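# Notes for the structure review
The residues making up each chain are set out below.
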Amino acid sequence: MKEAKVASQTLNGHEELIQPCSEKIPCFLFLETLMACTGDGQNLVTEDVTVVEGEVATISCRVKNSDDSVIQLLNPNRQTIYFKDFRPLKDSRFQLVNFSNSELRVSLTNVSVSDEGRYFCQLYTDPPQEIYTTMTVLVPPRNLVIDIQKDIATEGEEIELNCTAMASRPATTIRWFKGNKELTGKSEVEQWSDMFTVTSQLLLTVGREDDGVPVICLVDHPAVKDLQTQRYLEVIYKPQVRVLQNYPLQGLTREGEPLELTCTAFGKPQPTEVKWLRVDDEMPQHVVVSGSNLLINNLNKTDNGTYRCEASNAVGKSSADYMLFVYDPPTTIPPPTTTTTTTTPTTITDTTATTESAAHGFTRLPNPAEELNYGDLSDSRAGDEGSIRAVDHAVIGGVVAVVVFAMLCLLIILGRYFARHKGTYFTHEAKGADDAADADTAIINAEGGQNNSEEKKEYFI
């Protein structure tokens, strides 16, 4: 590297000191670096400027400890924009904002990318001082577009979405959101001159829950805030089918009672056909099907089976099953009738009161259905029969108790009857014995003797 000798030249009409420089580095750039690093150069202060294209940029050259030296502002081509308060450059976009011995402030309106670069502040001291400020021009994306591979997607299908941010500076960052959930895409950057075009690709598998949900393409760029665009997903899906039991409401399906079912189906597009069928068997003739409703007026054991509701649309077909199990009708026992006849009114009253109490106790038997959980329609038949057997045992025990009680009452009545007829019995042979001298005379004098036998006469008619 060869060094040039210190010399002087005229620059912009003023004599400046040229410091050693290399053959590869222009001398004026070496001079700028040298002036910025010297202690005296610290008296000249400026800041970098960042501006959005089309807006206004302000360049300020300030002097610390000013000694009334002249301040000058130059553009990246080293053309003088302002010398003191005079503007030699014929560009009306530059306007003087403030001028004093310690500051030169200039504004630039309608900034474009071509205005980007280094702007020089010069202070004419001995030696001259110079410092530069860098102007950076930001360009927001001019167009933000979401392109969907298919406007209408089918449930379970993977679709491709592309979001493009065109002609930005610097290159933008694209983020994806589905509703409030952030997703991850794959971005590619293309550069055209000083501009960047970014395209982000998103692969999304859609479901029925995504129908009507917005997909948002959001841009992160220093030139703009909250720049985004969105597209609403349209997803078609096959029907969703449910079977509802209208009657008996939350109850068991018992023999002899009616059953009413309703089939509900929802899909996109709305199902065009809803039908009922019986799985692995023919539909009973007494079953009434009206649209989405199924009615059985009088259930019997032959109705047991699986009933299926099917709904279809342009996407596909779905179904829901209802398993019918007909239980036995509820068991009822008539009140027993007990009749007791005795010779004592008090005994009759007591027995009747006791019998009526027992009879009422058996007529008010608990209903097995009341002890079941109606929220669970899938109770097994074994559980129901177990509860019925428990009730039968209780009934049998009650009948046995009544019979035992009746037998005890009968024994008590017989005992009292025999007690009332117990005593001493006398015969007629003893009458007349008191006045007789001997046994023969006593017999003759008795009422039942032979002397009175003639007085008794029998008449046969």
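Residues numbered from 1 in each chain as written. Predicted model: local features only at pLDDT ≥ 70, side-chain atom pairs only at ≥ 80, totals over all residues. Heavy atoms only, no water.

## Points about the UniProt feature "transmembrane region" (unreviewed entry) in the protein chain
In the UniProt entry, the feature "transmembrane region" (unreviewed entry) is given for residues 394-414. From the first C-alpha to the last, residues 394-414 spans 31 Å; its make-up is 100% helix and 0% strand. (UniProt positions renumbered as here; feature names shortened; annotations may be inferred. Helix = DSSP H or I, 4+ residues; strand = E, 2+ residues; numbered from the N terminus.)

## A look at the pairing of strand β24 (residues 287-290)
Bridge count between β24 and strand β25 (residues 293-296): four bridges; the pairing is antiparallel. Along β25, the bridge assignment pairs Val 288 with Leu 295. Linkage of β24 to β25, two consecutive antiparallel strands, is achieved through a turn of two residues, within which Gly 291 is found at a positive phi near 65°. (Pairing = 2+ DSSP bridges.)

## What to know about the packing of aromatic side chains
Taken as a whole, this structure holds five aromatic pairs when the rule is applied. Between Phe 83 and Tyr 124, the ring centres sit 6.2 Å apart and the planes meet at 65°, which makes this aromatic pair edge-to-face. You can see Phe 83 sitting in strand β7 (residues 80-83) and its partner Tyr 124 sitting in the loop between β10 (117-123) and β11 (129-138), a full 41 residues away along the chain. The class for Phe 83 is partly exposed, based on a relative accessible area of 24%. Cation over ring: Arg 78 sits above Phe 120, and NZ or CZ is 4.4 Å from the ring centre. (Phe/Tyr/Trp six-rings, centres within 6.5 Å; stacked < 30°, edge-to-face > 60°. Buried < 20%, exposed > 50% of the residue type's maximum accessible area, 1.4 Å probe, protein only. Lys NZ or Arg CZ within 6 Å of the ring centre and 35° of its normal.)

## Digging into unusual backbone geometry
A cis amide bond links Arg 169 to the next residue, Pro 170, at an omega of 0°. By the element assignment, Pro 170 lies in the loop between β14 (158-168) and β15 (173-178). Residues Tyr 247 and Pro 248 are joined by a peptide bond in cis, for which omega reads -5°. With respect to the helices, strands and loops of the structure, Pro 248 is situated in the loop between β21 (235-247) and β22 (259-268). Even without being glycine, Asn 65 reaches a positive phi, approximately 55°. For Asn 65, the location among the structural elements is in the loop between β5 (57-63) and β6 (71-74). One non-glycine residue, Asp 280, lies in positive phi territory at about 60°. Mapped onto the secondary structure, Asp 280 falls in the loop between β23 (273-278) and β24.

## What about the sheet that holds strand β20 (residues 224-232)?
Spatially, four strands are ordered β16-β15-β19-β20 in an open sheet, and the strand pairing comes out antiparallel. Each of the sheet's edge strands pairs with one partner strand only, and the pair in question is β16 (181-183) and β20. Taken over all neighbouring pairs, the strand axes of this sheet differ in orientation by 30° on average, direction set aside. When strand β19 (residues 214-221) meets β20, the two strands line up antiparallel, connected through seven bridges. The partner of Leu 218 across the bridge, within β20, is Gln 228. (Axes fitted to C-alpha atoms, helices over the stretch in contact; angles between N-to-C directions.)

## Observations regarding the state of the cysteines
Taken as a whole and judged by the stated rule, the model has three disulfides. A sulfur-sulfur separation of 1.8 Å characterises the disulfide bridge that pairs Cys 163 with Cys 217. Here the S-S torsion is close to -80°, and the disulfide linking Cys 163 with Cys 217 is therefore left-handed. Taken together, the positions of Cys 163 in strand β14 and Cys 217 in strand β19 put the pair 54 residues apart, joining distant regions of the chain. Assessed through its relative accessible area of 0%, Cys 163 is described here as buried. Taking the relative accessible area as the measure of exposure, Cys 217 reaches 0% and is therefore buried. (Disulfide = S-S within 2.5 Å.)

## Overview of the sheet that holds β7
Taking strand neighbours across the sheet as the criterion, the five strands line up as β4-β11-β10-β6-β7 in an open arrangement whose pairing is mixed. The two strands at the open ends of the sheet, each matched to only one other strand, are β4 (49-52) and β7. Put simply, the sheet's adjacent strands are angled 20° from each other on average, direction ignored. Of the strand pairs in this sheet, β6 and β10 are connected by four bridges, and their pairing is antiparallel.

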